[in-house]
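# Tertiary structure, described
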Amino acid sequence: MNEQDEYWMRRAMMLAARAEAQGEVPVGALVVYRGECIGEGWNRSIGSHDATAHAEIMALRQAGLAIGNYRLPDCILYVTLEPCMMCAGAMVHSRIQRLVYGAADAKTGAVDSVLQLLATPGLNHRVAWQSGVLAEDCATQLSAFFKRRRAEKKAARKQAAE
C-alpha cells in the first residue's frame with residue numbers, strides 16, 4: 001500500500017458517504033488515469049431502480065465518457081468494497097489496468113472472497129489487483145450504515161406495533 005492508494009481510497013470513501021446520504025449502501029469508486037481522477041461513482045441502485053448502478057459501473061461509465069472510449073487501459077479503479085461479479089466483469093471488458101479495493105465482501109466478493117473472477121483462465125484481459133487499502137476504515141463505514149439501518153427498521157416495527 002502506498003500513499004497514492006490511500007489518498008484515492010479516502011476520496012472513494014467520501015463518495016461512499018455521498019451514497020449513504022442518498023439512502024444507498026455506502027460504496028464509492030473512482031477511476032484514475034495518469035494521476036488524475038476521470039470518473040467517480042457511488043451506489044445509486046436503490047434511488048435509480050437500476051441493479052447495475054453500482055459505484056464501480058458509474059465510475060467506469062464516467063471515465064469512458066471522459067476519454068471517449070469504453071476501453072480504459074492504464075487506468076486504476078479504486079473502490080471501497082470488493083467488487084461483485086458484475087463489476088469485476090465490467091473491469092475486464094473495460095481493460096482496467098489495476099483494481100485497488102478496501103474491505104473484503106464475504107457475501108458477494110468476486111475478486112478474492114467468494115469468487116476469483118479476475119483469475120479465470122481464458123479471459124481476454126488480466127486486471128492486477130490489491131486488496132485491503134484502508135480496509136478497516138472502509139469496513140467500519142459499511143458496518144455503521146447497516147447497524148444504523150437495522151436500528152431504524154427495529155424502531156419502525158416497534159412504533160407500528162404500538
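Keep in mind the model is a prediction, meaning the values are calculated, not measured. Every chain begins its residue count from 1, and numbering advances along the sequence as written. Confidence filtering applies because this is a predicted model: local features only for residues at pLDDT of at least 70, side-chain atom pairs given and counted only at 80 or more, and all residues used for totals across whole chains, interfaces and linings. As a rule here, side-chain values cover all heavy atoms of the structure and leave hydrogens and water aside.

### As for the packing of helix α1 (residues 3-21) against helix α5 (residues 135-161)
Structural elements are reduced to axes, namely lines fitted to C-alpha atoms, with helices fitted over the stretch in contact, and the angle between N-to-C directions of any two is expressed from 0 to 180 degrees. Per the convention used, a helix needs a DSSP run of H or I reaching at least four residues, while a strand needs a run of E reaching at least two, with both numbered from the N terminus. Direction vectors running N to C along α1 and α5 enclose 10°, while the axes themselves pass 10 Å from each other. It follows that α1 is roughly parallel to α5 by the angle criterion. Contacts from M9, R10, M13, A16, A17 and E20 of α1 reach α5 at D137, C138, Q141, F145 and R148. Any angle that falls under 35 degrees is termed roughly parallel, while one over 145 is termed roughly antiparallel, one within 65 to 115 roughly perpendicular, and all others oblique. Residue contacts are defined here by distance: any two heavy atoms, one from each residue, within 4.5 Å place the two residues in contact.

### Looking at the packing of helix α3 (residues 55-67) against helix α4 (residues 85-94)
Put simply, α3 and α4 touch, their axes get as near as 9 Å, and they point 20° apart. Here α3 lies roughly parallel to α4, going by the angle between them. Two packed elements cross with a definite hand, and for α3 against α4 that hand is left-handed. Facing E56, I57 and L60 of α3, the residues of α4 in contact are M86, C87, A90, M91 and S94. When grouped by side-chain class, the residues that make up the contact of α3 with α4 number six nonpolar, one polar and one charged. For any pair of crossing helices, the crossing counts as left-handed if the nearer helix is rotated counterclockwise from the farther one by less than a right angle, and right-handed if it is rotated clockwise. Residues are grouped as follows: Ala, Val, Leu, Ile, Met, Phe, Trp, Tyr, Cys and Pro are nonpolar; Asp, Glu, Lys and Arg are charged; every other residue, Gly included, is polar.

### Describing the environment of D74
Its location among the elements puts D74 in the loop between α3 and β3 (75-81). Taking C-alpha positions, D74 is 22 Å from Q116, a pair spaced 42 residues apart along the chain. The residues touching D74, leaving out its near neighbours within four places in the chain, are V32, Y33 and Q97.

### Some details on α4
Think of it in three bands: residues with accessible area under 20% of the maximum for their type are buried, residues over 50% are exposed, and the middle band is partly exposed, with areas taken using a 1.4 Å probe on protein chains only. Residues of α4 that are buried: C87, A88, M91, V92 and S94. Those residues of α4 that are buried lie in contact with α3, β3 and β4 (98-103). Downstream of α4 by one or two residues, R95 has phi in the positive range, about 65°.

### Quick look at the sheet that holds strand β2 (residues 36-42)
Across the sheet, five strands lie side by side as β2-β1-β3-β4-β5; this open sheet has mixed pairing. For this open sheet the edge positions go to β2 and β5 (128-130), each flanked by a neighbour on one side alone. Strand-to-strand, the axes of this sheet are offset by a mean angle of 15°, without reference to chain direction. For two strands to count as paired, DSSP must find a minimum of two bridges between them. Where strand β1 (residues 28-33) lies against β2, six bridges are found, and the strand directions are antiparallel. Residue pairing across strands places V32 opposite C37, the latter belonging to β2.

Read these as geometric descriptors, not functional statements.
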